[in-house]
Amino acid sequence: MTQFDEQLNNWLDQIEQVPLVKNMTETDQQQVVLIDSLVLQVAVEGYGAQPADWTTEMLADLFFNRFVRLLDEREKQPRLFELIPTAMMVLLDVVGPEHQATLASWVTANHDQLTHLYDEKADQFYSQLSEAMRAAHVDGQSQAEVAAFTKQYLRNHPKQSQAFFTDDSGDEK
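We now turn to the structure provided with this report. (Residues numbered from 1 in each chain as written. Predicted model: local features only at pLDDT ≥ 70, side-chain atom pairs only at ≥ 80, totals over all residues. Heavy atoms only, no water.)

1. Quick word on the overall build of the protein chain
Then, number 1: Counting its secondary structure elements, the protein chain contains 11 helices and zero strands.
Then, number 2: Dimensions of the protein chain, computed from the C-alpha atoms along their principal axes, are close to 55 × 35 × 30 Å.
Then, number 3: Taking all 173 residues of the protein chain together, the buried fraction comes to 39%.
Then, number 4: Expressed as a percentage of contacts within the protein chain between residues at least 6 apart in sequence, the contacts between residues at least 24 apart total 63%. (Helix = DSSP H or I, 4+ residues; strand = E, 2+ residues; numbered from the N terminus. Buried < 20%, exposed > 50% of the residue type's maximum accessible area, 1.4 Å probe, protein only. Contact = heavy atoms within 4.5 Å.)

Set out below in structure tokens:
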């Protein structure tokens, strides 16, 4: 574990020295380091994958299934998400994974999805739904129970569901 901490600190120090990052505002620099730190920790400790072993499938799972949940509420700022593609390109340059070109292409191809990972309205809705499921002791592993509860929850909270499933103009999403 100490060896990983040393390697992590080394990579993050290198990231901070990249001219693109050095020329950012202090806040943006901190957010790039936060993004890259999370990616490194999840990839290396969570997936057990060193940069040479990273795949596009791993990045997709990391970002689309885990990343937002790893952030504190105060970290879920639009600017952080705008910086994800830049932070990832810098990270890939620093760690130099074997399939760097493939991983960089994936970041480029998924630019819009990465910058729009977080939807505050959806997060609030799902937080309320999850809390209601916990209170009702719904088995989260049972698709049937979750589906039935969600269906009933939407019926019991029509204004909340309508607000979630329509955009600000009143059009359906």
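2. Considering the environment of Val44
Then, number 1: Along the chain, Val44 falls in helix α3 (residues 26-46).
Then, number 2: A sequence separation of 36 residues divides Val44 from Leu8, and the C-alpha atoms of the two residues are 9.5 Å apart.
Then, number 3: Not counting chain neighbours up to four residues away, the residues in contact with Val44 comprise Phe4, Trp11, Ala49 and Gln50.

3. Considerations on the packing of aromatic side chains
Then, number 1: Applying the stated criterion across every chain, the model contains six aromatic pairs.
Then, number 2: Relative to Phe67, the ring of Phe63 lies with its centre 5.2 Å away and its plane at 40°, an arrangement referred to as tilted. Taken together, the residues Phe63 and Phe67, both in helix α4 (residues 56-70) and four residues apart, mark about one turn of the helix. The pair Phe63 / Phe67 is uniform in exposure class, with both members buried. (Phe/Tyr/Trp six-rings, centres within 6.5 Å; stacked < 30°, edge-to-face > 60°.)

4. Regarding the pattern of salt bridges
Then, number 1: Taken as a whole and judged by the stated rule, the model has seven salt bridges.
Then, number 2: Residue Glu131 is joined to Arg134 by a salt bridge in which the shortest nitrogen-to-oxygen separation is 3.0 Å. Of this pair, Glu131 and Arg134 both sit in helix α9 (residues 120-135), three residues apart, roughly one helical turn.
Then, number 3: Under the relative-accessibility criterion, Glu131 is labelled partly exposed at 43%.
Then, number 4: Here the salt bridges share partners, and the residues they tie into one network are Asp28, Arg79 and Glu82. (Salt bridge = Lys/Arg side-chain N within 4 Å of Asp/Glu carboxyl O.)

5. Some points on the nonpolar core
Then, number 1: Judged by nonpolar contacts, the single largest core of 43 residues is most densely connected at Trp54, Phe63, Phe67, Phe81 and Ile84.
Then, number 2: Those elements giving two or more residues to this core turn out to be α1 (2-17), α3, α4, α5 (78-82), α6 (84-95) and α7 (100-109).
Then, number 3: With nine residues, the top contributor of residues to this core is α3.
Then, number 4: Residue contacts for Phe67: discarding those within four places in its chain leaves Ile35, Leu38, Leu62, Leu80, Phe81, Ile84 and Leu117.
Then, number 5: Counting six residues, the second largest nonpolar core, distinct from the first, contains Phe125, Leu129, Phe149 and Tyr153. (Core = buried A, V, L, I, M, F, W, Y, C linked by side-chain atoms within 4.5 Å.)

6. Considerations on the packing of α4 against α7
Then, number 1: Packing of α4 against α7 brings their axes to within 10 Å, and their N-to-C directions diverge by 35°. Judged by the twist between their axes, the crossing of α4 over α7 is right-handed. The segment α4 lies against α7, with Thr56, Leu59, Ala60, Phe63 and Phe64 engaging Thr102, Leu103 and Trp106.
Then, number 2: Within the contact of α4 with α7, the residues separate by chemical class into six nonpolar, two polar and no charged. (Axes fitted to C-alpha atoms, helices over the stretch in contact; angles between N-to-C directions. Left-handed = near helix turned anticlockwise from the far one by under 90°. Nonpolar A, V, L, I, M, F, W, Y, C, P; charged D, E, K, R; others polar.)

7. Here's the deal with the layout of surface pockets
Then, number 1: One number sums up the size of the largest pocket: a volume of about 400 Å³.
Then, number 2: As for the largest pocket, its lining consists of 17 residues, and the residues nearest its centre are Val68, Arg69, Lys76, Asp123 and Tyr126.
Then, number 3: Taken together, the elements giving at least two residues each to the lining of the largest pocket come down to α4 and α9. (1 Å grid on protein atoms, 1.4 Å probe; cavity = no way out; pocket = protein on both sides within 12 Å on 5 of 7 lines; lining within 4 Å. Points joined across faces, edges and corners; volume = space filled by probe spheres on them.)

8. Side note on α9
Then, number 1: With 16 residues, α9 should reach 22 Å at 1.5 Å per residue; the first-to-last C-alpha distance of 22 Å fits that figure.
Then, number 2: Taken together, the buried positions of α9 are occupied by Ala122, Asp123, Phe125, Leu129 and Met133. Considered in projection along α9, the buried side chains sweep an arc of 165° and stay on one side of the axis. Turned more than 90 degrees away from the buried face of α9 sit Arg134 and Ala135, all of them exposed. (Expected span 1.5 Å × (residues − 1). Arc of directions from axis to C-beta.)

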